[in-house]
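Notes for the structure review
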Amino acid sequence: MSALSLRIQIDGETISVPAGISVAAAIARLPRAFRRSVSGQARAPFCGMGICFECRVRIDGVAQQRACMVPVRDGMQVATDG
Amino acid sequence: MAEHYDVVIVGAGPAGLAATEAALANGARVACLDAHANLGGQVWRKDSAHGWPRRARRIINTLLAHPAMTWLPQTQVIAADAGELLLQDEKHALHISHNALIIATGARELLLPFPGWTLPGVTGAAGLQALSKQGWPLTGRRVAIAGSGPLLLAAAVTARRHGARVLGIYEQASEAAVRDFARTLWRWPGKAWQAAMLRSQLADIPYRCGSVVTRAKGDGALQSIDIDGPHGTQRLECDQLAVGYGLVPNVELAQMLGCALRQEGAHPCVNVDALQRTDKSGVYAAGEACGIGGRECAWFEGRIAGLAATGASVGATLLKQQQHARAFAATLHQHFKLDPYVHNLAMPDTLICRCEDVPLRALDGYDDARSAKLATRCGMGACQGRICGTALAELGRFARSGQRPPLFPARLSTLGEISSLSDTEGFVS
Amino acid sequence: MGYRQHVKSYDLIIAGAGIIGTACADYASQEGLRVVIVEPGAIGGGATAAAMGHLVAMDDDRAELALAHYSLQLWESYTGIAQIEYSRCGTLWVAANEADYARIPQKLARLASFGVQAERVEREQLYRLEPTLKPGLHGGMRVPREAVVYPPGMARYLLDCACARGVELLRDRVDVMTDDGVRLSDGTQLRGAVLVATGCALPQLLPQLPLRARKGHLVITDRYPGLVHHQLVELGYAESAHGDADSSVAFNVQPRPTGQILIGSSREYGSDTPQVSMPIVRRMLERAFNYLPALRQLEALRIWTGFRPVSVDGLPYLGRVPDRPNTWVAAGHEGLGITTSLGSARLVIDQWLGRSTAIDSRPYDPARVAT
C-alpha cells in the first residue's frame, strides 16, 4: 500500500519515505530529538495522537506544529531542535 | 458566513461514524470533523501500511461517498457557542453552524509520571499503537509494553505487526484480578473472542501481572527500564517503552459549551440521558466522552445520538445493546482498577508538567490548579494541562481548571480574522 | 450570634494579597509592626494575575507620572530575583502616522521633566530594533530602561519577604468592616488599623469610594524567541487607555522572557463576567496584526480576562478613608497597578505612620471623591 514514496527534507537532509506516514514517523527514521524542552531535554512523541505536544517541529516554515498530526507531503521541509 | 448543517459531529471514531451514518440515513445534511487526517479515530485509525480494519473501511467508504456528508479532516474546534463552532484546519479558519451537535471526542490515554517518562523512546501504549500505524519505524526494535487493561494486548499486536520485538507485557493488575476478569467475559462473547484472538497472537510473549515499570533510564533516549513485580525488581534493556494506564474522556468541548459533567473516578465525563442528550439543547454526546466504554459501546451510543439528533425513534434493542456494552466497561474498570502504587511512582524531581518542565516537588503546598499554575507554570504550556492536569487529578492532587477558548492551541489568525461567532458575548468559561 | 468571638489585635490589618496588598505588607513589616494580611484566593490571583506586567511611565497625567516614576525607581531593587522574571526589554512606542509621530517631542519633554530617559526613534532605526513591524510606520519613541515582570511572582515574593518578618497570612475573607477592625467570614474578629487593598472588590468594603471594573483580554502564544524584542505599544494607546469608550482596543505586545508573545490590550466597561468575548479578541488581534503581521501564523495557547479597578478620575485611592476610624485604602490603579505598586505602598504606609511622603500625596487622597 505504501509503494509510493515521497521525498522530504528534515533539517536539510533529504530522505525518501512512504506516502501516508506522519511527519513524526518520518523524523523517527533519523537519529535526532524532535524538540528541546524548556530546560533543554531531548523530547520525542509521547501520546502519538495530538494531545501532548511533545513532537512539535517546524513544518514548511511554520513553527510549533505537531508532527504526529501531519501526513508527509512531497517536498516538505521539516526542522527539529536536533 | 457560517456554513450551516443539520448535524455536526465532532470526532470520527466509532461513535462519530455511527452518528454520521444514522444522521445521514435520516436525510440530514451532516458535517463530520476530526483533528486527524483520516476517519476512524484511534481504535479504527488508518494504518499507513495496512489501511483500515475491514469493517471500518466499509463504513468509512460508504460515508465518504454519501452526497449529504461533508468530511472535514485535520480540523479542530477552537471555540464553541450555542449553535456555532469556530474551526481551524491546516490552513484556514472555518465557521459553521448547526441544528444539532454530537460530541464524539473520544478519549485520550491516562499517562502517569514516573522517573524517566520524558525520555525519547517512552510513549503511551495507545500512543505506540497510533505511532505504529503512522509508520513509526519499529522493525527489529525491542519494545516493552506496560500499564493496564486489554489495550496493552492490542498495542502489542500492532507493534508486532510492524516488526517490533515485543519483549513482554507488564500489567499492573494482579493475576487474580485478570483471571476474574477473563471469567466474566462469557457475558460478552465478542469481547471473549477478541481477547482470545489477541492472546493467541501473543502466545509467545510474556504477560506479567502485578508488574509496574518504576523507572526508565537512558542517556538522551531510552535504554532500559526497571520493572517491579511479584518476584522483585527486574531490569530490562529496550528501545521503546509503551506505557498507558487506561483512557480518560475528552470532555473539553462539552465543558466549553457548559454541558453538565459527572465524575467517573478522578476524571470528568459528559452526563447524558438514555438518548445521549446533554443538558444543553441540541447538544448530544456519545462514546468515550460519556465515560470509557469501549468501541462497541461507542458505536451504539453514536447510533443513538445520530438517530435522536435527527428526530428518528430509537429502538429498544439498540438501547439494550448500549446498556450491555456499558456494563462491560464497568467490569473492566473494576478488574483493572489502578493499584495506588502506580500513583506514587513520581519522585520529587520527576517532571510533572512536560511542557514547562515543572517537577513534582514544586507543586507541594498548592491545592488548586490555578494557584499552582500562577506560581510554578504547571499546566501553562501547549498541551493546556491535558497531560499534567489529568495526571494530577488521577494522583489525587487537584483537577484541571475550567475551559476557555482556544480549545486547542490555535493560529492567531483563526482567532483574529474570522468574522464574529456572535455579536454578543456567549462564551462559557 | 452563633459564631466564635475570637478577637485578635494587630497594628495593621491588610485586606487583599494582590501586588498592592503584598507591597504594603512588605513595607509595613519593615517597621517591626504586627501586621496581618487576609486573602481568600490565590496570592496575586486577581488583577495582578491578569496584568501584562509592563513597568511603564505613562506621561499623560502629571500625578500618574510622578507615582510611576517614584515606583519605577523602587523596582530597581528587584531586578535580580528569578521568580519576578524582571526583563529590561524597554518600551518602544510606535507611530502609525504623522500625527502620532508629531506627539513624540512633547512626550519626551514630559518624561525628561521627571528624569526618565527616552529617545526618539527614526523610521530606519525602528526597523533595526524590530524588523517584524509592518512596513510604512513613521518611527517611534524608545524608553530603554523600562521592563516587564511576572506580577504574581512579585506578589508572592513580597508576601514571602513580609512573612519572613513575621507578617501573618490568613486564608480568609474580610466580610465586614467593624468600628475597630474587621470581621472575617469565619466570624473571627480582628482589631486594628485597616488597609483595604482588594482591587475590584473595593466597593464591598468601602462603597463610598466609586470604583468601576474595566475588563481586559490577553492572548499568549507558544514560544517564539527573538521575534519581538521590546514591549511594543502604539502611540495612540493613551486614547484607548484613558478614553471612556464602552470598549476599545490598542496594539500592545510584549516579549516574555520565555520567548512567548503576550498580546493586549482591550478595555471594556459593562461586562462583569470573566467569559472570553471572541468579538473583542478578534478586534484586539486585528489591531495587533496591523502592526505585526507576523503574529498571524503563531500559535495562541491561552486567552484570559481580568478586571482593572478604575477610580472616578483614573488616579488610585491612596490614603485615609474619610469618615471612618483608622481605615486606609490602596486601590483603584486601573492598568498601572503593577508599575505603581511599590510607590503606592510607601505613600499609604508613610501617611499612616505620620511620616512625610516622598512625593506629594494629595492627588491620590481618597477625600477628593468621598461623598
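Residues numbered from 1 in each chain as written. Chains lettered and ligands numbered in written order. Predicted model: local features only at pLDDT ≥ 70, side-chain atom pairs only at ≥ 80, totals over all residues. Heavy atoms only, no water.

Going by the annotation in an unreviewed UniProt entry, the name recorded for chain C is FAD-binding oxidoreductase, with Dyella monticola given as the source organism.

If you check an unreviewed UniProt entry, chain A appears there as (2Fe-2S)-binding protein from Dyella monticola.

Ranked by internal contacts, the top residues of the largest apolar core, which has 69 residues, are Leu12, Trp75, Trp93, Leu195 and Tyr364 of chain C. Here the element with the most residues in this core is helix α3 (residues 62-75) of chain C; it accounts for 8 residues. There are two domains that each give this core at least three residues, and those are domain 1 (7-49 + 151-211 + 313-368) and domain 2 (91-144 + 212-310) of chain C. If we skip the residues at most four places from it in the chain, Leu12 of chain C touches Ala28, Arg34, Val35, Val36, Ala193, Val194, Leu195, Ile349 and Trp352 of chain C. In terms of nonpolar packing, the next biggest core, distinct from the first, is built from 56 residues, Ile10, Cys55 and Val78 of chain A together with Leu332 of chain B among them. (Core = buried A, V, L, I, M, F, W, Y, C linked by side-chain atoms within 4.5 Å. Buried < 20%, exposed > 50% of the residue type's maximum accessible area, 1.4 Å probe, protein only. Helix = DSSP H or I, 4+ residues; strand = E, 2+ residues; numbered from the N terminus. Domains from an automatic or database assignment. Contact = heavy atoms within 4.5 Å.)

This next bit is on the interface of chain B and chain A. With 42 residues of chain B in contact, the opposing surface of chain A contributes 35 residues. Both faces considered, chain B and chain A share a buried interface measuring about 3,000 Å² in area, 61% of it formed by carbon and sulfur atoms. It is Gln134, Trp136 and Arg354 of chain B in chain B that bury the most area against chain A; as a group they hold 18% of the surface buried on that side. Among the salt bridges present, the one from Glu90 of chain B reaches Arg73 of chain A, with a minimum N-O distance of 3.1 Å. Counting only elements with at least two residues in the side of chain B that touches chain A, the list comes to β7 (107-109), β8 (122-123), α3 (125-134) and α11 (386-394) of chain B. Residue contributions to the side of chain B that touches chain A peak at 5 residues, all from α3 of chain B. Here the residues of the side of chain B that touches chain A sort into 20 nonpolar, 15 polar and 7 charged. (Buried area = accessible area lost by both parts, 1.4 Å probe. Salt bridge = Lys/Arg side-chain N within 4 Å of Asp/Glu carboxyl O. Nonpolar A, V, L, I, M, F, W, Y, C, P; charged D, E, K, R; others polar.)

Another point: the sheet that holds strand β7 (residues 77-79) of chain A. All names here are of chain A. The mixed open sheet is built from 5 strands, whose spatial order is β2-β1-β7-β5-β6. Only two strands of the sheet have a single partner each, and these edge strands are β2 (13-18) and β6 (62-66). The sheet shows a mean angle of 40° between the axes of neighbouring strands, taken without regard to direction. Of the strand pairs in this sheet, strand β5 (residues 56-59) and β7 are connected by 2 bridges, and their pairing is antiparallel. Paired with Arg58 across the bridge in β7 is Ala79. (Pairing = 2+ DSSP bridges. Axes fitted to C-alpha atoms, helices over the stretch in contact; angles between N-to-C directions.)

Within this structure, the stated rule accounts for 10 aromatic pairs over all chains. The interplanar angle of 75° and the centroid separation of 5.0 Å between the aromatic rings of Phe181 of chain B and Phe336 of chain B together place this pair among those described as edge-to-face. Note that Phe181 of chain B is positioned in helix α5 (residues 175-184) and Phe336 of chain B in the loop between α9 (316-335) and β20 (351-353), a separation of 155 residues in sequence. Judged by relative accessible area, which is 7%, Phe181 of chain B ranks as buried. Classification of Phe336 of chain B as buried rests on a relative accessible area of 10%. Within the aromatic cluster, the residues linked to one another by ring pairs are Phe181, Trp188, Phe328 and Phe336 of chain B. The residue whose ring lies beneath Lys107 of chain C is Trp93 of chain C, and the NZ or CZ to ring-centre distance is 4.9 Å. Positioned over the ring face of Tyr269 of chain C is Arg212 of chain C, at 3.7 Å from the centre of the ring. (Phe/Tyr/Trp six-rings, centres within 6.5 Å; stacked < 30°, edge-to-face > 60°. Lys NZ or Arg CZ within 6 Å of the ring centre and 35° of its normal.)

Residue and element names in this part refer to chain B. Sheet topology note: the strand β12 (residues 212-217)/strand β13 (residues 224-229) ladder contains 5 bridges and is antiparallel. Residue pairing in the sheet places Lys217 in a bridge with Ser224 of β13. Counting the residues in the hairpin turn of β12 and β13 gives 6 residues, including Gly220, whose phi is positive at 85°.

In this section: the state of the cysteines. Counted under the stated rule, the structure contains 0 disulfides over all chains. Cysteine Cys378 of chain B is unpaired, with the sulfur of Cys388 of chain B as its nearest cysteine sulfur at 3.9 Å. Just so you know, Cys24 of chain C is unpaired, no disulfide at all, and the nearest cysteine sulfur is the one on Cys163 of chain C, 14 Å from it. Residue classification places Cys24 of chain C among the buried positions, given a relative accessible area of 0%. (Disulfide = S-S within 2.5 Å.)

Moving on to the environment of Ala25 of chain B. All names here are of chain B. The topology assignment puts Ala25 in helix α1 (residues 14-25). Judged by relative accessible area, Ala25 falls into the exposed class, the value being 67%. Sequence separation between Ala25 and His66 is 41 residues, and the spatial gap between their C-alpha atoms is 9.8 Å.

Residues and elements named next belong to chain B. Put simply, α3 and helix α4 (residues 151-161) touch, their axes get as near as 9 Å, and they point 25° apart. As far as their axial angle goes, α4 and α3 are roughly parallel. With respect to the hand of their crossing, α3 and α4 are arranged in left-handed fashion. In contact with Ala125, Ala126, Leu128, Gln129, Ser132 and Lys133 of α3, α4 contributes Leu151, Leu152, Ala154, Ala155, Thr158 and Ala159. Counted by class, the contact of α3 with α4 contains 8 nonpolar, 3 polar and 1 charged residues. (Parallel < 35°, antiparallel > 145°, perpendicular 65-115°, else oblique. Left-handed = near helix turned anticlockwise from the far one by under 90°.)

This next bit is on the environment of Gly41 of chain C. Following the sequence through the fold, Gly41 of chain C ends up in the loop between β2 (35-38) and α2 (47-50). Along the primary structure Gly41 of chain C and Ile359 of chain C are separated by 318 residues, whereas in three dimensions their C-alpha atoms are 32 Å apart.

A word on the side chain of Asp350 of chain C. Positionally, Asp350 of chain C belongs in helix α11 (residues 337-352). The buried category is assigned to Asp350 of chain C, whose relative accessible area is 6%.

Attention now moves to the domain arrangement of chain C. Residue and element names in this part refer to chain C. Splitting chain C by domain gives domain 1 (7-49 + 151-211 + 313-368) and domain 2 (91-144 + 212-310). If you average the C-alpha positions of domain 1 and of domain 2, the two centres end up 30 Å apart. The interface of domain 1 with domain 2 comprises 10 residues on the first partner and 10 residues on the second. Here domain 1 packs against domain 2, burying approximately 820 Å² in sum over the two surfaces, 60% of which is carbon and sulfur. Of all residues in domain 1, the largest losses of buried area upon contact with domain 2 belong to Cys200, Leu211 and Glu334, amounting jointly to 65% of the total for that side. Our count for the contact surface shared by domain 1 and domain 2 stands at 2 salt bridges. Between Glu334 and Arg214 there is a salt bridge whose closest N-O contact spans 3.3 Å. Counting every contact that joins domain 1 to domain 2 gives 4 residue pairs in polar contact (both at pLDDT 80 or more). (Polar contact = N/O pair within 3.5 Å; in protein donor to acceptor, adjacent residues only side chain to side chain.)

Moving on to the environment of Ala367 of chain C. Residues and elements named next belong to chain C. Tracing the backbone through its elements, the reader meets Ala367 in the segment after α11. Judged by its relative accessible area of 43%, Ala367 falls in the partly exposed class. With 261 residues separating them in the primary sequence, Ala367 and Gln106 have C-alpha atoms 32 Å apart.

Time to look at the packing of α1 of chain B against helix α8 (residues 295-309) of chain B. Residue and element names in this part refer to chain B. Contact geometry for α1 and α8: axes closest at 7 Å, N-to-C directions at 30°. Our classification of the angle between α1 and α8 gives roughly parallel. α1 and α8 meet at a crossing whose hand is right-handed. Contact residues: Pro14, Ala15, Leu17, Ala18, Ala19, Glu21, Ala22 and Ala23 in α1; Arg295, Ala298, Trp299, Gly302, Arg303, Gly306 and Leu307 in α8. Per-class residue counts for the contact of α1 with α8 are 10 nonpolar, 2 polar and 3 charged.

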